[in-house]
Amino acid sequence: MAAPNGAAGRLKNGKLTGKDNSTVFDHGLQARLMSVTQAKAGSPVRGRRAEGIGLPRRIENELRKQNDRFSAAVENMSHGLAMFDADEHMIICNGNYISIFCLDAEIVRPGIRFFDILQHSVDIGVASHSAEELYAIRKPYIDQAKPSTYEETLSDGRIVNISHRPLASGGWVSIYEDITEQRRAEQELKEQHRRFDAALANMSQGLLMYDSDGRLIVRNERFLELYHVTPADIPLGMGHRDALEQLVRLGLYAEIDIDSEISKTAACLQAGECGRPTAILPMAEPFWSCDGR
């Protein structure tokens, strides 16, 4: 670099000086000025570096939020949930899964093998089969990698419905629901129906039972025998008026004033008494019955 006024210069301690030792150019001062200028204006290099540091932090925060939402959703499910990877190691489970099977949360943690969970359920007396037997039952559902649903009865008599759903990456998710009360209610209802059917079959009278809308809901065999009709003649779902008209059409009733009969029936039902209908039985929905005498 040429010195001003054609003076020869020399470089000393980062400064270019003239013959009279006056400073012509100070590299250190320029460097300090450039540093301050970049700090005020924002150096492109430093800006890119800061942005590079902030982006991972934002991604990390967003992932943390998503994980928190996912955990909250899983924990607030009314059913039990457990997720396993392709190597049959547990990824995650919720509190209801632990509760349904009375498992020890200190033992059943992420990373535990599925078989070891089955063995743990045997060790604490919850399972009604050995771990090997339970695994043999579950293994086909795992290998088929198809959605499936099955039930397991525990040693205390509780019934758990298990919904198996495979994952695209391998592994599966299972949803567990305690359906003991539901099954018990279904069995009780089935038993009530059995007793009711037995009572109808052994009645000496014929019986037609209508719901609150006047639709036929029950017709016993004795009624068909007494009137010499078939189920197709008096089908379930037939209205009271239609039934009366059909009985007249079949010649089983003499000509009657059907409108008058319908009105009488409505009046006696409202009053809690019976004319032609001979009994009113209590149900969840009002209904009335006619015997065949």
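The following paragraphs examine the structure supplied in this document. If you're wondering where the values come from, they're calculated on a predicted model, not measured in any experiment. (Residues numbered from 1 in each chain as written. Predicted model: local features only at pLDDT ≥ 70, side-chain atom pairs only at ≥ 80, totals over all residues. Heavy atoms only, no water.)

Some thoughts on the pattern of salt bridges
Piece 1. Evaluation of the coordinates by the stated rule reveals 13 salt bridges.
Piece 2. Close ionic contact of Asp116 with Arg113 constitutes a salt bridge, the shortest N to O distance being 3.0 Å.
Piece 3. Arg158 is the salt-bridge partner of Asp156, the closest N and O atoms lying 2.8 Å from each other.
Piece 4. A cluster of three or more residues bridged by salt bridges with shared partners is formed by Glu88, Lys139 and Asp143. (Salt bridge = Lys/Arg side-chain N within 4 Å of Asp/Glu carboxyl O.)

Structural notes on the packing of helix α4 (residues 114-123) against helix α5 (residues 131-144)
Piece 1. At a minimum axis distance of 9 Å, the contact between α4 and α5 shows a crossing angle of 140°. Here α4 and α5 pass one another in a crossing that is right-handed. The residues of α5 that touch α4, namely those facing Phe114, Phe115, Leu118, Gln119, Ser121 and Val122, are Ala131, Glu132, Leu134, Tyr135, Arg138 and Ile142.
Piece 2. Grouping the amino acids of the contact of α4 with α5 by side-chain chemistry returns 8 nonpolar, 2 polar and 2 charged. (Axes fitted to C-alpha atoms, helices over the stretch in contact; angles between N-to-C directions. Helix = DSSP H or I, 4+ residues; strand = E, 2+ residues; numbered from the N terminus. Left-handed = near helix turned anticlockwise from the far one by under 90°. Contact = heavy atoms within 4.5 Å. Nonpolar A, V, L, I, M, F, W, Y, C, P; charged D, E, K, R; others polar.)

Some thoughts on the pairing of strand β8 (residues 172-178)
Piece 1. Of the strand pairs in this sheet, strand β4 (residues 80-84) and β8 are connected by 5 bridges, and their pairing is antiparallel. Bridge pairing in β8 links Leu81 to Ile175.
Piece 2. With antiparallel pairing between neighbouring strands as the criterion, strand β7 (residues 159-166) and β8 make up a hairpin whose turn holds 5 residues, including Gly170 at a positive phi of roughly 100°. (Pairing = 2+ DSSP bridges.)

Thoughts on the side chain of Glu88
Piece 1. Mapped onto the secondary structure, Glu88 falls in the loop between β4 and β5 (90-93).
Piece 2. For Glu88, the contacting residues outside a window of four places in its chain are Ile112, Arg113, Phe114, Tyr135, Lys139, Ile142 and Trp172.

Some details on the sheet that holds β7
Piece 1. Taking strand neighbours across the sheet as the criterion, the 5 strands line up as β5-β4-β8-β7-β6 in an open arrangement whose pairing is antiparallel. Single-partner strands in this sheet number two, and they are β5 and β6 (148-153). Within the sheet, the average angular offset between the axes of one strand and its neighbour, ignoring direction, is 20°.
Piece 2. As judged from the 3 bridges shared by β4 and β5, these two strands associate in the antiparallel manner. Bridging from a neighbouring strand, Met83 pairs with Ile92 of β5.

Here's the deal with the packing of helix α8 (residues 240-249) against helix α9 (residues 258-271)
Each pair of packed helices can be summarised by the angle the axes make with each other and by the distance between the axes.
Piece 1. With their axes 10 Å apart at the nearest point, α8 and α9 run at an angle of 140° to one another. As far as their axial angle goes, α9 and α8 are oblique. For the pair α8 and α9, the crossing hand works out as right-handed. Contact residues: His240, Arg241, Leu244 and Glu245 in α8; Ile258, Asp259, Glu261, Ile262 and Thr265 in α9.
Piece 2. A per-class count over the contact of α8 with α9 returns 3 nonpolar, 2 polar and 4 charged. (Parallel < 35°, antiparallel > 145°, perpendicular 65-115°, else oblique.)

Structural notes on the pairing of β6
Piece 1. Side chains of β6 alternate between two faces, with Ser148, Tyr150 and Glu152 buried and Thr149, Glu151 and Thr153 left unburied.
Piece 2. Two elements, β6 and β7, share 6 bridges in a ladder whose sense is antiparallel. Residue pairing for β7: Glu151 is matched across the bridge by Asn161.
Piece 3. Connecting the antiparallel pair β6 and β7 is a turn made up of 5 residues, with Gly157 showing a positive phi of about 95°. (Buried < 20%, exposed > 50% of the residue type's maximum accessible area, 1.4 Å probe, protein only.)

Observations concerning empty space enclosed by the protein
Piece 1. Under the counting rule described, the total for this entry stands at 2 cavities of 30 Å³ or more.
Piece 2. Computed from the structure, the largest cavity encloses a volume of approximately 100 Å³.
Piece 3. In this structure, the largest cavity is lined by 14 residues; those nearest its centre are Tyr97, Phe101, Ile117, Leu118 and Arg138.
Piece 4. Put simply, the parts of the chain that give the lining of the largest cavity at least two residues each are α4 and α5.
Piece 5. Broken down by element, the lining of the largest cavity gets its largest block of residues, 4 residues, from α4. (1 Å grid on protein atoms, 1.4 Å probe; cavity = no way out; pocket = protein on both sides within 12 Å on 5 of 7 lines; lining within 4 Å. Points joined across faces, edges and corners; volume = space filled by probe spheres on them.)

Quick notes on the packing of aromatic side chains
Aromatic ring pairs are reported here in terms of the distance separating the ring centres and the angle at which the planes meet.
Piece 1. In this structure the tally under the stated criterion is 10 aromatic pairs.
Piece 2. Plain terms: the ring middles of Phe101 and Tyr176 are 5.4 Å apart, the flat faces sit at 90° to each other, and that makes the pair edge-to-face. Of this pair, Phe101 sits in the loop between α3 (95-100) and α4 while Tyr176 sits in strand β8, placing them 75 residues apart in sequence. Each of the two residues, Phe101 as well as Tyr176, counts as buried.
Piece 3. Ring-pair connections join several aromatic residues into one group, and the members of that group are Phe84, Phe114, Phe115, Tyr135 and Trp172. (Phe/Tyr/Trp six-rings, centres within 6.5 Å; stacked < 30°, edge-to-face > 60°.)

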